[in-house]
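Survey of secondary and tertiary structure
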Amino acid sequence: MKIVHPKINSKIEISDHEISVLVIEEPEFFYELLIDIKKQINNFEGNTVLSVYNEPVSFHKYVELITDPLAIEMNSRTIMKKVLVAMEKCGQDAVYYERTQKLMAEIETYINDLSLNFDTEIECHDISFQQILKAAELTVSDEYSRLVDKIYAYMELIREFEGDKLFIFVNLSSFIKNEQLQEFVNTVVGHSFRVLLIDSHDFERLEQENRLIVDCDFCEF
């Protein structure tokens, strides 16, 4: 996986055996690059090109952009819809199908029994497994004492329900001290995640990283 931009001569190589770090010290270009990536995630055209095996691919499909790690939402409507679909599918597979059907029949019988306590004729219409799951108000646990742990849990959540993506974090070094950042790098590399850190200022080097610095004069190091 690679990222290229007309104003950057070097290709930004993305792999799952190290993280990539891009430091953009020129403020206007920093903003321009992030807006361009965000627009493409929202299915608009842009100048930044993401490729897999030298074939351009969609940012919308392959990238998760986190500009504010404090705003990570584990229970967003989009994610929970996918959790619901996955749970429903699981309940219909060979392992759980019989139990699911038995549960549905028991609920319907129970409701019909309750209705006999009233003079009014009350009918129980077909109940779907999806309706039961929705009534359960499923949520994903999001209580973490450390921000770094919540970030990693979010990455696992996205991988499980949306597939492998490139995670782009903006100024993550401003939120997490270097020791925890190194711990984060070790964990994501150990689990073959693809990560790009885009920062506006250079910070202490990390193990298992590939860094490109673009300074205020657009010189690259």
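Below is a summary of the structure that appears in this document.

Cut-offs and rules
Residues numbered from 1 in each chain as written. Predicted model: local features only at pLDDT ≥ 70, side-chain atom pairs only at ≥ 80, totals over all residues. Heavy atoms only, no water. Helix = DSSP H or I, 4+ residues; strand = E, 2+ residues; numbered from the N terminus. Expected span 1.5 Å × (residues − 1). Buried < 20%, exposed > 50% of the residue type's maximum accessible area, 1.4 Å probe, protein only. Arc of directions from axis to C-beta. Axes fitted to C-alpha atoms, helices over the stretch in contact; angles between N-to-C directions. Parallel < 35°, antiparallel > 145°, perpendicular 65-115°, else oblique. Left-handed = near helix turned anticlockwise from the far one by under 90°. Contact = heavy atoms within 4.5 Å. Nonpolar A, V, L, I, M, F, W, Y, C, P; charged D, E, K, R; others polar. Phe/Tyr/Trp six-rings, centres within 6.5 Å; stacked < 30°, edge-to-face > 60°. Lys NZ or Arg CZ within 6 Å of the ring centre and 35° of its normal. Core = buried A, V, L, I, M, F, W, Y, C linked by side-chain atoms within 4.5 Å. Pairing = 2+ DSSP bridges. Disulfide = S-S within 2.5 Å.

Across its 15 residues, helix α1 (residues 27-41) extends 21 Å between first and last C-alpha, which sits within 8% of the 21 Å expected from 1.5 Å per residue. Of all the positions in α1, only F29, F30, L33, L34, D36, I37, Q40 and I41 are classed as buried. Down the axis of α1, the smallest arc covering the buried residues is 155 degrees, so these residues share one side. Exposed and oriented more than 90 degrees from the buried face of α1 are P27, E28 and Y31.

Before going further, it helps to examine the packing of helix α6 (residues 147-162) against helix α7 (residues 178-190). For the pair α6 and α7, interaxial distance at closest approach is 10 Å and the crossing angle is 20 degrees. The orientation of α6 relative to α7 falls into the category roughly parallel. α6 and α7 meet at a crossing whose hand is right-handed. Contact with α6, carried on its side by V148, I151, Y152 and M155, involves Q180, F184, T187 and V188 of α7 and no other residues of that element. Tallied by class, residues from the contact of α6 with α7 come to six nonpolar, two polar and no charged.

So, about the packing of aromatic side chains. Using the criterion set out here, one finds five aromatic pairs in the structure. With a centroid separation of 5.4 Å and an interplanar angle of 45 degrees, the aromatic rings of F29 and F218 are classed as tilted. Of this pair, F29 sits in helix α1 while F218 sits in the segment after β9 (209-214), and the two are 189 residues apart along the sequence. Arranged with centres 5.8 Å apart and planes meeting at 80 degrees, the rings of Y152 and F193 form a pair that is edge-to-face. Pair noted here: Y152 is in helix α6 and F193 is in the loop between α7 and β8 (194-199), with a separation of 41 residues, a long-range link. Of the two residues examined, Y152 and F193, each falls in the buried class. Ring pairs connect the aromatic residues Y152, F167, F169, F184 and F193, which therefore count as one cluster. Stacked on the ring of F203, the Lys or Arg R211 has its end atom at 4.3 Å from the ring centre.

To continue, consider the nonpolar core. Nonpolar side chains tend to gather and get buried jointly when the protein is soluble and globular. With 33 residues, the main nonpolar core has I19, M155, F169, F184, V188 and L197 as its most contacted residues. Mapped by element, the contributors of at least two residues to this core are β3 (19-24), α3 (77-91), α6, β7 (166-170), α7 and β8. Sequence-distant contacts of F184, that is, excluding residues within four places in its chain, are made with V148, I151, M155, F169 and L172. In terms of nonpolar packing, the next biggest core, distinct from the first, is built from 24 residues, F29, I41, I198 and V214 among them.

In sheet architecture, strand pairing relies on hydrogen bonds along the backbone and comes in two forms, parallel and antiparallel. Pairing is parallel in the open sheet, where five strands are placed in the order β6-β7-β8-β3-β9. Each edge of the open sheet is held by one strand with a lone partner, namely β6 (63-66) and β9. Sheet twist, expressed as the average angle between the axes of neighbouring strands with direction ignored, equals 15 degrees. Relative to the sheet, α1 contacts β3, β6, β7 and β8, its axis offset from that of β8 by approximately 140 degrees.

Applying the stated criterion to the full structure yields zero disulfides. In this model C216 remains outside any disulfide bridge; the closest cysteine sulfur is found in C219, 10 Å from its own.

Positive phi is not limited to glycine here, since N171 has a value of about 50 degrees. Relative to the elements of secondary structure, N171 occurs in the loop between β7 and α7. Even without a glycine there, the phi angle at Q208 is positive, about 60 degrees. What makes Q208 partly exposed here is its relative accessible area of 38%.

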